[in-house]
Amino acid sequence: MKGGEVWVFIEQSGGRSHPVSWELLGEGRRLADSLGGGLSALVMGAGIAHLAREAFESGADRVILIDDPVLERYRNHPYARAMTEVCRKYQPQILLVGATTLGRDLAGTVATELETGLTADCTSLEVDQENGLLRQTRPAFGGNIMATILCKDHRPQMATVRPRVFRMPKLQPGRQGEIVLWPLDLTEDEIPTKVLEVVQEAGAPVYLDKAEIIVSGGRGLGGPQGFEELGHLARALGGTLAASRPAVEAGWISAAHQVGQTGQTVRPKIYIAVGISGAIQHLVGMQNSDVIVAVNSDPEAPILRVATYGLVGDWRRIIPKLTSEFERQLNRPRPQEAEPGLAGRLFQPGLNPGGRKN
């Protein structure tokens, strides 16, 4: 059945929104237009009325605002109760939530309470024009296939989507819409959990989801020393170091750097993949990068099929020379200087390394 509203949960902490919320609003606008319905943003927290303006400018027609002191810090019980109440009242057709730590925790509880389906970690969302159902596509069976899931009989159709899967919408300054204030009839005494203290994690954070240049290494590096060399290239480019799952599981680099189905989804301007074969589990986390540069010794490696540019050869010869050249051109010299030249062959999709059509 066509029609009905698309809802997007606006995740925030301390009044600051999570970028995935606006990415989902942009996608929600497209889905709502396909359904011929409206787009609502669900904003919950304490002192968060200012987020309504951002929601309207990002494409929302309506903001459902639940502003209550018990929602100041995220706890599953009050947030799930608030979301469940408004969903039962307004009965949206589709509900989208960011696949963050908070979003995953909240979405699972709400789907259980509403007795509806939930598709996690979607990489694509489309409206079936024949029946108006949401086609929710995600990796399945360890990432070996892409499954499209339909929720035919229950509402809302719920999906979580990782950050950086969809693009940020173009803002429309001054755009306005309807605000619905929803009173939450819940006292602190009714909530079984209390937030006693918030402790910031020690160590330098890794912001892969915000990085515009990423240099990523895989099993083909052969050991942790390879990441030292990739680190030089990342610093020369002003980029961020990342890794595939096999490299993380081998203990060569921390899990905070992992890109892929079980890591983070990224969307940088440039993604340099070194020694990464290109299994679907990794591709789903980085395939939306603007430019993909792959360095691999195997000319048949799957990563080369999605790469914008491919360098076929030994990374031990290629990467130091790339680093040296970038350091020279960007005026970021190191004490030692790699010899000039470039080992490997450069090609673009549609041509194999020998220059023949694929």
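Residues numbered from 1 in each chain as written. Predicted model: local features only at pLDDT ≥ 70, side-chain atom pairs only at ≥ 80, totals over all residues. Heavy atoms only, no water.

Visitor: Would you mind showing me how to read empty space enclosed by the protein here?
Guide: Any empty space left between the atoms is revealed when a probe the size of a water molecule rolls over them. A full pass over the atoms with the stated rule returns one cavity of 30 Å³ or more. Every residue lining the largest cavity is listed: Asp121, Cys122, Thr123, Pro139, Arg162, Val165, Gly260, Gln261, Thr265, Val284 and Gly285. Broken down by secondary-structure element, the contributors of at least two residues to the lining of the largest cavity are strand S7 (118-122) and helix H7 (280-286). Considered class by class, the residues forming the lining of the largest cavity number four nonpolar, five polar and two charged. (1 Å grid on protein atoms, 1.4 Å probe; cavity = no way out; pocket = protein on both sides within 12 Å on 5 of 7 lines; lining within 4 Å. Points joined across faces, edges and corners; volume = space filled by probe spheres on them. Helix = DSSP H or I, 4+ residues; strand = E, 2+ residues; numbered from the N terminus. Nonpolar A, V, L, I, M, F, W, Y, C, P; charged D, E, K, R; others polar.)

Visitor: Is there a simple way to think about the packing of helix H5 (residues 225-237) against helix H9 (residues 315-329) in this case?
Guide: Think of two packed helices as two axes; the pair is described by the angle between the axes and how far apart they sit. The geometry of H5 relative to H9 is characterised by a closest axis approach of 9 Å and an angle of 25° between their N-to-C directions. The angle between H5 and H9 falls in the class roughly parallel. Crossing angle aside, the handedness with which H5 passes H9 is left-handed. Facing Gly226, Glu229, Leu230, His232, Leu233, Ala236 and Leu237 of H5, the residues of H9 in contact are Trp315, Ile319, Pro320, Leu322, Thr323, Phe326 and Glu327. Broken down by class, the residue content of the contact of H5 with H9 amounts to nine nonpolar, three polar and two charged. (Axes fitted to C-alpha atoms, helices over the stretch in contact; angles between N-to-C directions. Parallel < 35°, antiparallel > 145°, perpendicular 65-115°, else oblique. Left-handed = near helix turned anticlockwise from the far one by under 90°. Contact = heavy atoms within 4.5 Å.)

Visitor: Help me out: how do you make sense of the sheet that holds strand S11 (residues 157-161) in this one?
Guide: By way of backbone hydrogen bonds, the strands of a sheet pair with one another, either parallel or antiparallel. If you walk across this open sheet you meet the seven strands as S7-S11-S6-S1-S4-S5-S12, and the pairing is parallel. Both edges of this open sheet fall to S7 and strand S12 (178-181), since each of them pairs with a single strand only. Here the strands of the sheet are splayed against their neighbours by 20° on average, with no regard to which way each runs. Here strand S5 (residues 62-67) runs beside S12; their pairing, made up of four bridges, is parallel. Bridging across to S12, isoleucine 64 finds its partner in valine 180. With respect to the sheet, helix H1 (residues 19-35) is in contact with strand S1 (6-10), strand S4 (39-45), strand S6 (94-98) and S11, its orientation differing from that of S1 by roughly 175°. (Pairing = 2+ DSSP bridges.)

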